[in-house]
Every structure is written in C-alpha cells, then in structure tokens.
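# Residue-level structure breakdown
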Amino acid sequence: MIASTTTARPPGTTAANAEEAGRRVEEIIDHLTAEGDSEAAGAAEELVRVLMDYYGTGLARMVSLLEAPRAKGDPFAALLDDALVASLLVLHDLHPEDTSTRIARALGSVPSHPVEFLSFDEATGTLHLRSAESSGCGCASTAAAGRQEVEAALSCFAPEVTTVEIEGAESSQEPPLLQISRPPSGALGSAPASSPKTP
C-alpha cells in the first residue's frame, strides 16, 4: 500500500503543476502493476479517467458560461446557478454561499417538483421538506421521480444533506364532483332495492 503524501494546502498557496501531478499518477499505477495487482492497476486507471472527464467537463462548462451573454453582467452568478460547477466549488470548499442558501438554490433548480423547506438538521444532515403540489395523479412513480430530481440537485449544490424527508402536501377538500360521483357505502355490486315494473 502506498501512503498518501497529499496534504491540505492553505488558501493562496501554489498547487502542484500538471506535469508533477501526471508524473505522480503514473508512478502510482506503475507501482501497482509491478506488484502484480493488475485489477487494482486497472481500477486506478479507470479512476483517473473518470476524474479527468469530470474536471474537464466542469472546466468546459465554466468557459461556456463565462462566454454566454448573461455572464457579462454578473459572471459569477452564472457559475453558481450551474449544478456541475457548483459541485466542483463545493467539493473544494470554494463556494461562497452558506448551506441554507445552497439548499434554496438546489430546490429552486427543480421547478417541476416544487417543495417547501421546513428545516435542516446540520448534526444529522437531514433535510425536511413538504411537497408543494396539492394536485396531480398522486402516482408513486411520479413522486419517486420528483424525489430523485430533488436529491440529485441537493447532491450538487448541498452535499451536506445526507437524508431527505418529504412530507405530502397539506390535504385539501375534495372537489364536489368527486364527492357526488362516489357511490354510497356498500352499494357496489348490489342490486337496487326496487325497480319499476314494466306495464
């Protein structure tokens, strides 16, 4: 096992350049290969590819956002609104907003499934929400899809949230039409009490 030599750098210090980082990665993979652990070496190479793709996509996204017309007024605002860029900033403790603000930003990024913020427990990482939708089919699949979208947004903007609890929307009175059209209790499958005789 190779002991990690990575240490946290104080803000403002110079990070290792790309050449040094690349050389270090090659040394680690070569060491794993020399030890005969081909599976670990393959996993390490795959990890490097995934990370390179993640950061490369994030950097490309930043450049694209900064070149967009809306960035001319407040370029940083465009970056903070983007889930991928925000996730990179949070990952490296560079995001300027606090947890509550980022939670609100995450929830606002999912307009198709509006929810109401109730509370957030920093000690447990539990976020309590309430569905703001009082109408709809109420399908379990729709609710599950909404939860997944909310959780995905939170994982980018506010990874401090580890558990999401969503209450149902506050109950509202049924529409009169539904109340009228519902048959009386016990009436289903039973014959009428009496029927007119045919003359």
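What you see is a predicted model, and the numbers here were worked out from it, not measured in a lab. (Residues numbered from 1 in each chain as written. Predicted model: local features only at pLDDT ≥ 70, side-chain atom pairs only at ≥ 80, totals over all residues. Heavy atoms only, no water.)

On to the sheet that holds strand E1 (residues 115–121), then. On the basis of which strands lie adjacent, the open sheet formed by three strands has the order E1-E2-E3 and mixed pairing. Single-partner strands in this sheet number two, and they are E1 and strand E3 (163–167). Taken over all neighbouring pairs, the strand axes of this sheet differ in orientation by 20° on average, direction set aside. Inspection of the sheet shows strand E2 (residues 126–131) paired to E3 by five bridges, in the parallel sense. In the strand pairing of E3, Thr-126 is matched with Thr-163. Along the sheet face, helix H5 (residues 99–108) touches E1 and E2 and points at about 150° away from the line of E1. (Pairing = 2+ DSSP bridges. Helix = DSSP H or I, 4+ residues; strand = E, 2+ residues; numbered from the N terminus. Axes fitted to C-alpha atoms, helices over the stretch in contact; angles between N-to-C directions. Contact = heavy atoms within 4.5 Å.)

Okay, helix H2 (residues 38–67) next. With 30 residues, H2 extends 43 Å from end C-alpha to end C-alpha; this agrees with the ideal 44 Å at 1.5 Å per step. Where H2 is concerned, the buried positions are Ala-41, Ala-44, Gly-58 and Leu-65. (Expected span 1.5 Å × (residues − 1). Buried < 20%, exposed > 50% of the residue type's maximum accessible area, 1.4 Å probe, protein only.)

With respect to the helices and strands, the residue Ser-155 is situated in helix H6 (residues 140–157). Within the structure, Ser-155 has its side chain in polar contact with the backbone oxygen of Ala-152 (distance 2.6 Å). (Polar contact = N/O pair within 3.5 Å; in protein donor to acceptor, adjacent residues only side chain to side chain.)

Taken as a whole and assessed by the stated rule, the structure comprises ten salt bridges. For Asp-82, the salt bridge is made with Arg-61, and the minimal N-O distance between the two is 2.6 Å. Residue Asp-82 is found in the loop between helix H3 (75–81) and helix H4 (83–91), and its partner Arg-61 is found in helix H2; the two are separated by 21 residues along the sequence. You can call Asp-82 buried: its relative accessible area is 10%. Taking relative accessible area as the criterion, Arg-61 reaches 35% and is therefore assigned partly exposed. Among the ionic pairs, Arg-102 bridges to Glu-160, the shortest N-O distance being 2.5 Å. Of this pair, Arg-102 sits in helix H5 while Glu-160 is found in the loop between H6 and E3, placing the two residues 58 residues apart along the sequence. Take Arg-102: its relative accessible area is 6%, and that puts it in the buried class. (Salt bridge = Lys/Arg side-chain N within 4 Å of Asp/Glu carboxyl O.)

Across the six residues that make up E2, a large majority, five, are buried. Summarising the sheet, E1 and E2 pair through six bridges and their orientation is antiparallel. For Ser-119, the partnering residue across the bridge sits in E2 and is His-128. Here E1 folds back onto E2 in antiparallel fashion, the turn holding four residues, of which Gly-125 has a positive phi close to 75°.

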